[in-house]
Structures are given as structure tokens and as C-alpha cells.
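# Residue-level structural notes
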Amino acid sequence: MKVYRNLEYITKRETLGRRLFLVAVLALTSGLMVSFLPNMEWARSPEAANPLLQFLVEYYAVFSMAALLVGFIGATVGSYFINRFAPRRWHRASSLERPDQFFARCLKGLGNQYALYLFAIPGVPHLLVGPGGMLAFSVRSDKGRVMVEGDRWREPFSLGRLFTLLSREGLGHPGREAEEYTRRINRFIEDMPEAFGQSEYASIPIAGAVAFINPEMTLEISNSSLPVVQGPELVKFVQKQAADSKVHRSLMRSFQESVSQYVSLSEAGPDD
């Protein structure tokens, strides 16, 4: 399997996440320190007649609330980017891997007729192109328990989930997300110049699926409107899709080459 990865995009967002989280920690620490000022005698003494200090003493409540708001937003957004783009240690793994690397490893075993695009196609983070056409995945990497009933997705309440609120990517609605990705791929193909064979590629089937890659995730699925697959089942799922919907190999190879040229991609190694 060929892997095309927008490493610059991934690295920038990991760095942004870490910086936002640092800003959140500094904001929360500052807000906590300011909240103690009114109770400190030295802060009200003539020797501490600093305009900034006096301003903080007078408006400590406003500053503390503002710091709390900045800290909460920074921690929430920063944690989201860290969980989505930073390396982590997976269950029973001996080394750290980013979610995109772990997702690619879940698909290990597919032949060279497949190409995996990770954050390389605008608006479509995980796209697999192969003999069965195109598969746009909505990927989740959290652990826990998820219940799927038709078009409804929910996580049952648990104390563990409450305590890890800011360290989770969040469930959202992966089904709608996958469907939106298929629409974005259609727009991407429509926007490709005719020189790249745009008219031929419109006939390639596009499907969406949801992938939960964390080995510590438990799924309860009932009549899901979209395929929902766990990491170890991904290769079999993709192979079945290919068996059910054959696309001419030369067309898929041409599409892979055109996409790589159009968005200026080069094949990446598994750990790039």
C-alpha cells in the first residue's frame, strides 16, 4: 500500500495543540494567583503601590473569570489537536505512534494497488483508493464505549469518561462526517483540471465508513446507516468492498497518479 501523508499539516497542528495547552495552563495559573491577591496584606500595603498590582486587586474577579474562560477554551482546543495529531502509546504497543500512523498500520497488508491519503486531500483526512473505488473514513481514536443505533451515536455516561473529558477527541457524529467527506471528494474531482482526467474519474464509486482504531474501544452496533469498522477488521472490510465493487485497475492507478500530481504529493514512509 502506498501512503501519502501531509506531514507539514500534521506537525503544525500538533505544535498548535501543545502551544494552546501551554497557554491554557499559564492562563489558569495566573487566574488562580490573582484570585488570592485581595487576601494578601502586602498587596494592599503602601509599599506595593504598583498601578498594575492595584488594578488586579480591584478587578481580580473579572481577571480570574477571563483567565478561566481562556484556559478552558485553550485546554479544550489544544487537547483536541494533541489527541488527533500527537504521538501516543496505544494498548499493548511498545512505541509511540500518531493516530494517522496507527490507522495506516491497521491497513497493513493491502497490496500496492491501494493508496492511502492522510490529510493530503483538502477536507478529507483519511481517504483510501483502491480496486473497490474510494473509501472516505471518519476515524476515531478514543477508548471507551460507543452505541450506534441507525443514525444515532452516543457514549454512555461513565466516571472514566468524565475524568478524561479534556483528554478525548470526542465522538461527535462520525456518520454525518463520513457522508460529508464523500461530498467533498466529489467536489475535489470536479475542481480538478480536465488535463488530469476529471471526466473519467467521476465514474469511480465513492463510499463512506467509520473506523474506530483504538483497541480499547467497545462498540454496540444496531442497524447502522454506514459501515462501522474496528481497527483489526479494516483489511477484511476493504477487501470485501473491493470484491463487491470492481473498478478497472488502470483507472484507479491513473487516478492515484493524477491526485498525487495535482496536490503535489510524494509517497511517505510508514513513520514519516
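The paragraphs below set out a description of the structure included in this document. None of these values were measured; they are calculated from a predicted model.

This part covers the sheet that holds strand 10 (residues 217-222). Spatial ordering of the open sheet is given by 8-7-10, a layout of 3 strands whose pairing is mixed. Lying at the two open borders of the sheet, with one neighbouring strand each, are strand 8 (152-154) and strand 10. Across the sheet, the mean angle from the axis of one strand to that of its neighbour is 15°, orientation sign disregarded.

Let us now look at the pairing of strand 9 (residues 206-212). Side chains on a regular strand alternate between the two faces of the sheet. Of all 7 residues that make up strand 9, 5 are buried, and the element is covered over most of its length. Pairing of strand 6 (residues 133-140) with strand 9, which is carried by 7 bridges, proceeds in the parallel orientation. Considered in strand 9, the bridge of Met134 is made with Ile206.

Under the defined criterion, the tally for this structure stands at 13 salt bridges. Between Arg145 and Glu220 there is a salt bridge, and its shortest N-O distance comes to 2.6 Å. With a gap of 75 residues between them, Arg145 in strand 7 (residues 144-149) and Glu220 in strand 10 connect regions that are remote in the sequence. Between Asp244 and Lys240 there is a salt bridge, with the nearest N and O atoms lying 3.0 Å from each other. With Asp244 and Lys240 both in helix 9 (residues 234-244) and 4 residues apart, the pair spans about one turn of that helix. Residue classification places Asp244 among the exposed positions, given a relative accessible area of 56%. Bridged by salt links that share partners, the residues Glu180, Arg183, Arg184 and Arg187 form one connected network.

Calculation criteria
- Residues numbered from 1 in each chain as written.
- Predicted model: local features only at pLDDT ≥ 70, side-chain atom pairs only at ≥ 80, totals over all residues.
- Heavy atoms only, no water.
- Pairing = 2+ DSSP bridges.
- Helix = DSSP H or I, 4+ residues; strand = E, 2+ residues; numbered from the N terminus.
- Axes fitted to C-alpha atoms, helices over the stretch in contact; angles between N-to-C directions.
- Buried < 20%, exposed > 50% of the residue type's maximum accessible area, 1.4 Å probe, protein only.
- Salt bridge = Lys/Arg side-chain N within 4 Å of Asp/Glu carboxyl O.

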